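# Commentary on secondary and tertiary structure
Chain by chain, the residues:
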Amino acid sequence: MTTTRVIMSYPWGQKCNKDSYICTLAAEVLGVAKSELREDESGRAQALMQLREWIKKNYDIHHCRTDDSFLLRFLRVKKFSVPMAQTTILKYLNLRQTFPHLCMGLDFLNPSVKQLIESGYIFASPIRDSQGRRVIIGIANNFNPYKYSNEDMAKAHLVTYETLLEDEESQIMGFTHFGDLKGVSAAHITLWGPTEFATVIKWGEQSIPMRHKEIHLINVPAALRYVYDFARTRFSPKMRSRFTVHSSLEDCHTKLDPKVLPKEYGGVIPMSDMIDMWKKEVASKREKLLSLDKMKLLNNKNISAHNQLNNAKNKSEIMNLTGSFKKLEVD
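Here is a short report on the structure shown in this document. (Residues numbered from 1 in each chain as written. Predicted model: local features only at pLDDT ≥ 70, side-chain atom pairs only at ≥ 80, totals over all residues. Heavy atoms only, no water.)

## Some words on the packing of helix 2 (residues 41-57) against helix 3 (residues 68-77)
In the contact formed by helix 2 and helix 3, the axes pass within 10 Å of each other and the chain directions differ by 105°. Here helix 3 runs roughly perpendicular to helix 2, going by the angle between their axes. Here Arg44, Ala47, Leu48, Leu51, Arg52 and Ile55 of helix 2 come into contact with helix 3, specifically with Asp68, Leu71, Leu72, Leu75 and Arg76. The residue makeup of the contact of helix 2 with helix 3, split by class, is seven nonpolar, no polar and four charged. (Axes fitted to C-alpha atoms, helices over the stretch in contact; angles between N-to-C directions. Helix = DSSP H or I, 4+ residues; strand = E, 2+ residues; numbered from the N terminus. Parallel < 35°, antiparallel > 145°, perpendicular 65-115°, else oblique. Contact = heavy atoms within 4.5 Å. Nonpolar A, V, L, I, M, F, W, Y, C, P; charged D, E, K, R; others polar.)

Listed below in C-alpha cells is the structure:
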C-alpha cells in the first residue's frame, strides 16, 4: 500500500446486491482478507447466507440491515466466526438502544456535530497509511467543553466510525488513530460520569465492529495520565497493546508517516482541505446512517445480564475513580 493514495475515487455510493456479493476489492486487499480474516469467496457466501437466515428467524430483531456491507463488517471483525458475528450484532443493537441519546440520530447536519467536524475535532484523513488503513484524527483543543456535551462528542465520533465502516476496504484493513490531547482539561473529563464513561468504552469496543490497529497519542497532559491509564484498563489486552503515547510530534512521525496527517502536523494537505473532503464523504452516507435507527432489538435480557456482570466486577475501580474526577486539577 502507498501512503499517497488519496481517498477520492472509491465508489461510496455503490449498491450491494443483497443476495449475490459483487466483489470490487483490489487483489491486495483480498489477500489481507484471506490471510488475516480467513475470508474467501465460498466462506463469505455461506456466512452471509447463514447470517441472513438467522436474522430472518430471530423474532427479537426487527428491521435489521441485511446488505453485504453491514453484515460483512461483523463477520470480518470476528474473522468469519458466524456465532461470534451474531453475538456482536446483538451487542451492537443493544448498545444503540441502551444509549439512544449517544448512538441514535447520527446526522452530520445536526448543528453541534457539524460544528465539531468543521472545527477539526474529529475527521478522517483522505490518505491511507502505509498499511492501507484509514487514519482517524482527533484534536482535543477543537472541542469546547463549555459549549458541547458528551452527547455531542459521542455523536461526532459515531458519525465518523459509521461512515468509515460503510467502506469494505476499511473493514478489512482496519483503522489507525491519531490524537492530539493538548488542551484537555478537567472540563473535558467531567463531561462524563465515571460509570457511564467506563461502560461506554467497554461496550463500545465489544459492540462496534471496527479493527483498531494503531492508536498514536501526543501531548498527553501529565495530570491526566491516571485518566488515560484508567481508560486503557477498560479495553481488552490486545487493544491496550496498540496504544502509543509519544513524547513529541517528531517521535510520532517515526511510527506514523506524516503524509497521512494535516499539513499543520507535518503532512502535505492543509487541515481545512482534509475536512472539506471528509464532509463530502460523510454527506454521501447520511441516509444510511439515519436508517440505522429503524433497527430494533426487542429482547436484550441475556446481553444485559452479561454487561451487568462486567460492571459489577469493575465497580470498585469505578467508585475509586469518581473521587479522582471530582478532585481533578489541570495546570
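Read on for the rest.
## Considering the packing of aromatic side chains
Applying the stated rule across the entire model yields seven aromatic pairs. Between Phe70 and Tyr92 the ring centres are 5.9 Å apart and the planes differ by 65°, which places this aromatic pair in the edge-to-face class. Taken together, the residues Phe70 in helix 3 and Tyr92 in helix 4 (residues 82-98) connect sequence positions 22 residues apart. When sorted by exposure, Phe70 lands in the same class as Tyr92, which is buried. Note on Phe74 and Tyr92: the rings are 5.4 Å apart at their centroids and 75° apart in plane angle, and the pair reads as edge-to-face. In this pair, Phe74 sits in helix 3 while Tyr92 sits in helix 4, placing the two residues 18 residues apart along the sequence. A relative accessible area of 0% places Phe74 in the buried class. Tyr92 gets classed as buried once you look at its relative accessible area, which sits at 3%. In textbook terms, an aromatic cluster arises when at least three aromatic residues are bridged by ring pairs, as seen for Phe70, Phe74 and Tyr92. (Phe/Tyr/Trp six-rings, centres within 6.5 Å; stacked < 30°, edge-to-face > 60°. Buried < 20%, exposed > 50% of the residue type's maximum accessible area, 1.4 Å probe, protein only.)

## Some thoughts on the sheet that holds strand 4 (residues 175-180)
Ordered in space as 2-3-4-5-6, the five strands form an open sheet in which the pairing is mixed. Looking at strand neighbours, the two that pair on one side only are strand 2 (122-124) and strand 6 (243-245), the edges of this open sheet. Ignoring which end each strand starts from, the neighbouring axes of this sheet average 15° apart. With three bridges connecting them, strand 5 (residues 212-218) and strand 6 associate as parallel partners. By the bridge assignment, Leu217 is partnered in strand 6 with Val245. (Pairing = 2+ DSSP bridges.)

## Description of helix 3
Think of an α-helix as turning once every 3.6 residues; residues three or four places apart then point the same way. Buried residues dominate helix 3, accounting for nine of its ten residues. Among all positions in helix 3, only Asp68, Ser69, Phe70, Leu71, Leu72, Arg73, Phe74, Leu75 and Arg76 are buried.

## Overview of the nonpolar core
By size, the foremost hydrophobic cluster in this structure holds 56 residues, and its most contacted members are Phe123, Ile137, Val159, Phe178, Leu261 and Tyr265. For this core, the element with the most residues is helix 7 (residues 150-165), which contributes eight residues. Apart from the residues lying within four places of it in its own chain, the contact partners of Phe123 are Val135, Ile136, Ile137, Ile139, Pro262, Met271, Met274, Ile275 and Trp278. Trp54, Phe80, Tyr92 and Leu93 belong to the second largest nonpolar core, which has 29 residues in total. (Core = buried A, V, L, I, M, F, W, Y, C linked by side-chain atoms within 4.5 Å.)

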